[in-house]
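# Summary of the model geometry
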Amino acid sequence: MIASAQKLYAGLRKPRTPSAYDQAVVWITLVLLAIGFVMVYSASIAMAEGDKDTGYKATYFAVRHGVFLLVALAAAVAAFQVPMRMWQQYSPYLFLIGSVLLIMVLIPHVGREVNGSKRWLSLMVINLQPSELMKFFVVLYAADYTVRKASYMHSLVKGFFPMFLVMLFTGFLLLSEPDFGAFAVITSIAMAALFLGGFNWRLFAGLVVMLVIGFATIILASPYRRQRLFGFMDPWSDPYGKGYQLSHSLIAFGRGEWSGVGLGGSVEKLFYLPEAHTDFLMAVIAEEMGFVGVTIVVLLFTFLILRTFHIGMQASKLGRDFNALVAQGIGVWFGVQSFINMGVNMGLLPTKGLTLPLLSFGGSGIVANLIALGVLLRVDWENRQLMRGYSV
């Protein structure tokens, strides 16, 4: 009896076999996806019931979002199976494919226009948004470029200028749609890859200043962007015009207070807040779940982004520079896009058409997000294999 108890105790104390992947990333992602699915359904009920295009079905957007999630999860599993050396080998071709798709969007009768912007390609059943896939392709391309040009990171001409020309071309295509938000995210990814890859910090600081001036020029030179900027600075001066979206978003935050009005109890989603299930989903979360719900979402994104950089640093220590830059590039992508979306919803930044990663409704965005996280888990898996002495 005593011997059996000792064996049981020894078995309980036996260290667990190390996991083959980062379980924290998986669980955080699943929690965010679950929150997103529930909130997309809640935010879209009124619009779905009142639109003949949806067949007046309350579950229209929820069902589509569920299908998108299943497709995206399958794509993430497939992406995880691809070795990182293959992602690196084909990164220039993927970037080229993304550029072709961005060009196709601008071709008359090919690209689909919604609310004055040409950002979609109609694929019969669904609409593809190439700019979402391009964010992932830029992560791969920028990482590969930085690794290939590692010996030129001290040079403005050889290190930065080729990347600048490529990003200038990409930026021209995105601004022609126009999609300033995607341009800001993609520029951040490319600049971060150069900085993390060892680009001369003095030159980098100068480029950041020039970049800020460039963004300011683009905003001030465009009448509608200028109106958005002034509307952001004082939305209450024109609450039924240029300040309409932000004023209703702020009302939603104010109504939510500490614990929210309860799931499904939002008033602002009842045709007051535009794009409640996409760009302004965070405002609905704030109204229904309050400060507590917003804090939980912010903390989940914070932990996820920290894990991406931790995985990247591990890859760097193992001499896997491309893997490291890909992981960190994904972290920059998610960090910048979620920060912009939350900042817009809270009135900290001018209104921009950027969704909240993993949460907002949208097939292209969800698929691109989960493919990126599948690749992130692949980076982590290869790290663990190398630390155990296996070849990958």
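Everything discussed here concerns the structure shown above.
Calculation criteria
- Residues numbered from 1 in each chain as written.
- Predicted model: local features only at pLDDT ≥ 70, side-chain atom pairs only at ≥ 80, totals over all residues.
- Heavy atoms only, no water.
- Helix = DSSP H or I, 4+ residues; strand = E, 2+ residues; numbered from the N terminus.
- Rg over C-alpha atoms; globule rule 2.2 N^0.38 Å.
- Buried < 20%, exposed > 50% of the residue type's maximum accessible area, 1.4 Å probe, protein only.
- Areas by Shrake-Rupley, 256 points an atom, 1.4 Å probe, with all protein chains shown as cover.
- Lys, Arg positive; Asp, Glu negative; His and termini not counted.
- Charge placed at Lys NZ, Arg CZ, Asp CG, Glu CD.
- Arc of directions from axis to C-beta.
- Axes fitted to C-alpha atoms, helices over the stretch in contact; angles between N-to-C directions.
- Left-handed = near helix turned anticlockwise from the far one by under 90°.
- Contact = heavy atoms within 4.5 Å.
- Nonpolar A, V, L, I, M, F, W, Y, C, P; charged D, E, K, R; others polar.
- Phe/Tyr/Trp six-rings, centres within 6.5 Å; stacked < 30°, edge-to-face > 60°.
- Salt bridge = Lys/Arg side-chain N within 4 Å of Asp/Glu carboxyl O.
- Core = buried A, V, L, I, M, F, W, Y, C linked by side-chain atoms within 4.5 Å.
- Pairing = 2+ DSSP bridges.

## Section: the overall build of the chain
- A count of helices and strands for the chain gives 13 helices and three strands.
- Relative to the globule expectation of 21 Å for 392 residues, the C-alpha radius of gyration of the chain, 22 Å, shows essentially globular dimensions.
- Principal-axis analysis of the C-alpha atoms gives the chain an extent of 75 × 65 × 40 Å.
- Out of the 392 residues belonging to the chain, those deemed buried represent 48%.
- Split by element, the accessible area of the chain, about 19,000 Å² in all, is 68% carbon and sulfur.
- Positive and negative charge centroids in the chain, built from 29 and 20 side chains respectively, lie 12 Å apart.

## Some thoughts on helix H6 (residues 156-176)
- Taken together, the buried positions of H6 are occupied by Gly-159, Phe-160, Met-163, Val-166, Met-167, Thr-170, Gly-171, Leu-173 and Leu-174. An end-on view of H6 places all buried positions within 160° of arc, on one side of the element. Facing away from the buried side of H6, by more than 90 degrees, are the exposed residues Val-157 and Phe-172.

## Things to note about the packing of helix H4 (residues 84-105) against helix H5 (residues 130-148)
- At a closest axis distance of 8 Å, the pairing of H4 and H5 adopts a crossing angle of 145°. Seen from above, H4 lies across H5 with left-handed handedness. In contact with Trp-87, Gln-88, Ser-91, Pro-92, Leu-94, Phe-95, Gly-98, Ser-99, Leu-101, Leu-102 and Val-105 of H4, H5 contributes Pro-130, Ser-131, Met-134, Phe-136, Phe-137, Val-138, Leu-140, Tyr-141, Asp-144 and Val-147.
- Classifying every residue of the contact of H4 with H5 gives 15 nonpolar, five polar and one charged.

## Comments concerning the packing of aromatic side chains
- Using the criterion set out here, one finds 15 aromatic pairs in the structure.
- On the basis of an interplanar angle of 50° and a centroid distance of 6.0 Å, the ring pair of Phe-136 and Phe-137 is categorised as tilted. Each member of the pair, Phe-136 as well as Phe-137, is classed as buried.
- Linked through ring pairs, Tyr-60, Phe-61, Phe-68 and Phe-361 together constitute an aromatic cluster.

## Some points on the pattern of salt bridges
- The final tally for this structure, using the stated rule, is eight salt bridges.
- For Lys-135, the salt bridge identified is with Glu-132, shortest N-O distance 3.3 Å. Pair noted here: Lys-135 and Glu-132 are both in helix H5, with a separation of three residues, about one helical turn.
- Relative accessible area serves as the criterion here: at 5%, Glu-132 is assigned to the buried category.
- Between Arg-378 and Glu-382 there is a salt bridge; the shortest N-O distance is 3.0 Å. With Arg-378 and Glu-382 both in helix H13 (residues 363-387), this residue pair falls four residues apart, about one helical turn.
- Overall, Arg-378 belongs to the buried group, its relative accessible area being 10%.
- The class of Glu-382 is buried, set by a relative accessible area of 2%.
- If you follow the salt bridges from partner to partner, you end up with Arg-320, Arg-378 and Glu-382 in one network.

## Comments concerning unusual backbone geometry
- Residue Pro-178 is reached from Glu-177 by a cis peptide bond, and omega for that bond is -5°.
- The topology assignment puts Pro-178 in the loop between H6 and helix H7 (180-196).
- Despite not being glycine, His-109 has its phi angle at roughly 70°, a positive value.
- Relative to the helices and strands, His-109 resides in the loop between H4 and strand E1 (111-114).
- One non-glycine residue, Glu-257, lies in the positive phi region at around 50°.
- You can see Glu-257 is positioned in the loop between helix H10 (244-256) and helix H11 (281-317).

## A look at the nonpolar core
- Formed by 102 residues in total, the largest nonpolar core has its most connected members in Trp-87, Phe-136, Val-326, Trp-333, Phe-334, Leu-358 and Leu-359.
- When residues of this core are assigned to their parent elements, the largest contribution, 14 residues, is made by H11.
- Residue contacts for Phe-136: discarding those within four places in its chain leaves Trp-87, Trp-333, Ile-371, Ala-372 and Val-375.

## Some details on the pairing of strand E2 (residues 117-123)
- Pairing between E1 and E2: four bridges, direction antiparallel. In the strand pairing of E2, Val-114 is matched with Ser-117.
- Sheet topology places E2 next to strand E3 (residues 126-128); three bridges connect them, and they run antiparallel. Bridged to Ser-122 within E3 is Asn-127.
- Hairpin connection of E2 to E3: two residues between the antiparallel strands, including Met-124 at a positive phi of 65°.

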